[in-house]
Amino acid sequence: MQIVLFMRSNISFNNAPSVYVKRIAEGLVMNGADVAVFCYTKDYSWNSVVINGVKYQSSTFGIARSKNAAYRKLKYYYAQNVLLIKWLRRTLLKTENKAVIDVTKANLSSVKVMLATKLLNTDYYWNLGEHPYTEPKTVAKRLSVFLLAKLSTGLMCNTSSLAKFINHRNCIIQPPTIDYSECQYDISEVANPLFTIGYCGTLTTEKDGLIILLDSIAALDISIRERVRLVIIGDSAKGDKGLSYFVEMAKSKGVSNTLFTGKIPNEKVLPMLRECDLLILTRPDNFQNRYGFPSKLPEYLATGKPVLITAVSDIPMYLADKKNAYLLNTCDVLEISDCIKHIMHHREEANQVGKNGLQVARNVFSNKIQGMKLLDFMTKTGTLERDCT
């Protein structure tokens, strides 16, 4: 059983797209699939590599980078078109039992891959992690979305709202996942001198509600605020305000006991989150968040720490308030502030909520569980056959 995935990222595994695909790929491997990932990248330092049983292929194919810009561009397009099709044909013709999953954004390159896949008599699945029109509605974008929606064997959507928007006959709701191994550990209690609140994500003025979080901490009585430490993991988004902007904002709001780590290696994120007493994600209800799903939520839950999150998009489908998370229906600063105070004063309840959240990570968001569901979906909707031996 051969599965080929396409992603538009290098194999740094230090950004959300590459980690997302890595977890899908390894979840499929755990369920018996042979998986290859094609990486659209401009990194000329590597050709192909195997990591945790997954074969990764660079779109540069290890071709030496030319000093001549025009020649370099010519070779780059040769690799991304001619060599890509040859590689895809060679990989897929090894077996009759095969499928392609495209995790890139809707564009003409995706249409090219889809058509090549169809010509190779292979099922093509389109994976949507966000609404395709978060980017400008160009003619090429509209055409790509139309063709991919009409000609794909099936769709894999992060949320039910995305599935409803595309309205494909074969669709599965597949949220972001967490590494199976990251869920298999005993929760350890951490004795922090200050109540430590953690936040992880790209620092923006809009998407993940960082400013709302800072305002919520600032709204705490000063006697409580002095007992709180805020740890913010991540760097600012490209084209948004710089990290220093958010540092100064925290100080101006009186949230001075705050550690901004900047961007850190992905393998250090979970250990740092596990050192916190509470993890918060105050995503506002806007267009992007309504159709998307926070990739950090499975990681938050996998720490076994209580999670406070706004009930945006499909989050209430997986979590219940005060059972396995603390859910708020709005981003009201005073409500968030009151919930933080409640958690600080009811630590035993909060610890149990965190433990229940860990069970959700294990039973729902584990890439091994989602990998099995994905293979079942592809066998029901396409020509892929599971090896039941």
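Only a predicted model underlies this, so the values are computations on that prediction, with no experimental measurement involved. (Residues numbered from 1 in each chain as written. Predicted model: local features only at pLDDT ≥ 70, side-chain atom pairs only at ≥ 80, totals over all residues. Heavy atoms only, no water.)

**Q** Teacher, can you tell me more about the pairing of strand β6 (residues 123-128) here?
**A** Regular strands place their side chains on alternate faces of the sheet. Taking burial as the measure, the six residues of β6 include six buried ones, the bulk of the element. On β6, burial covers both faces: D123, Y125 and N127 on one face and Y124, W126 and L128 on the other are all buried. Pairing geometry for β6 and strand β7 (residues 154-157), over four bridges, is parallel. Across the sheet, residue L128 finds its bridge partner in β7, namely C157. (Buried < 20%, exposed > 50% of the residue type's maximum accessible area, 1.4 Å probe, protein only. Helix = DSSP H or I, 4+ residues; strand = E, 2+ residues; numbered from the N terminus. Pairing = 2+ DSSP bridges.)

**Q** Can you walk me through the environment of R65 in this structure?
**A** Relative to the helices and strands, R65 is located in the loop between β4 (54-58) and α2 (69-92). R65 gets classed as exposed once you look at its relative accessible area, which sits at 53%. Sequence spacing of R65 and K42 is 23 residues, and the spatial spacing of their C-alpha atoms is 9.5 Å. If we skip the residues at most four places from it in the chain, R65 touches Y44 and R72. (Contact = heavy atoms within 4.5 Å.)

**Q** Sorry if this is basic, but what is going on with the pairing of strand β1 (residues 2-7) here?
**A** Extensive coverage of β1 is indicated by the burial of six of its six residues. The alternating pattern of β1 places Q2, V4 and F6 and I3, L5 and M7 on opposite faces, both of which are buried. As judged from the six bridges shared by β1 and strand β2 (residues 34-39), these two strands associate in the parallel manner. Bridge pairing in β2 links M7 to C39. For the segment spanning β1, helix α1 (residues 16-30) and β2, crossover handedness is right-handed. (Right-handed = clockwise from strand over helix to strand, strands pointing away.)

**Q** Looking at this structure, I do not really get the packing of α2 against helix α3 (residues 108-119). What am I missing?
**A** Think of two packed helices as two axes; the pair is described by the angle between the axes and how far apart they sit. The interhelical angle for the contact between α2 and α3, taken along N-to-C directions, is 35 degrees, at an axis separation of 11 Å. Between α2 and α3 lies a crossing of right-handed hand. Note on element contacts: α3 touches α2 through K112, V113, A116 and T117, opposite Q80, N81, L84, I85 and L88. Among the residues making up the contact of α2 with α3, the classes are represented as five nonpolar, three polar and one charged. (Axes fitted to C-alpha atoms, helices over the stretch in contact; angles between N-to-C directions. Left-handed = near helix turned anticlockwise from the far one by under 90°. Nonpolar A, V, L, I, M, F, W, Y, C, P; charged D, E, K, R; others polar.)

**Q** Please explain the sheet that holds strand β3 (residues 48-51) as it appears in this structure.
**A** Backbone-to-backbone hydrogen bonds pair the strands of a sheet. The strands run either parallel or antiparallel. Strand order in the open sheet formed by eight strands is β3-β4-β2-β1-β5-β6-β7-β8, with mixed pairing between adjacent strands. Edge positions in the sheet fall to β3 and β8 (171-173), since each has one partner strand and no second. Put simply, the sheet's adjacent strands are angled 20 degrees from each other on average, direction ignored. Contacting β1, β2, β4 and β5 (98-102), α2 crosses the sheet at an angle of about 155 degrees to β1.

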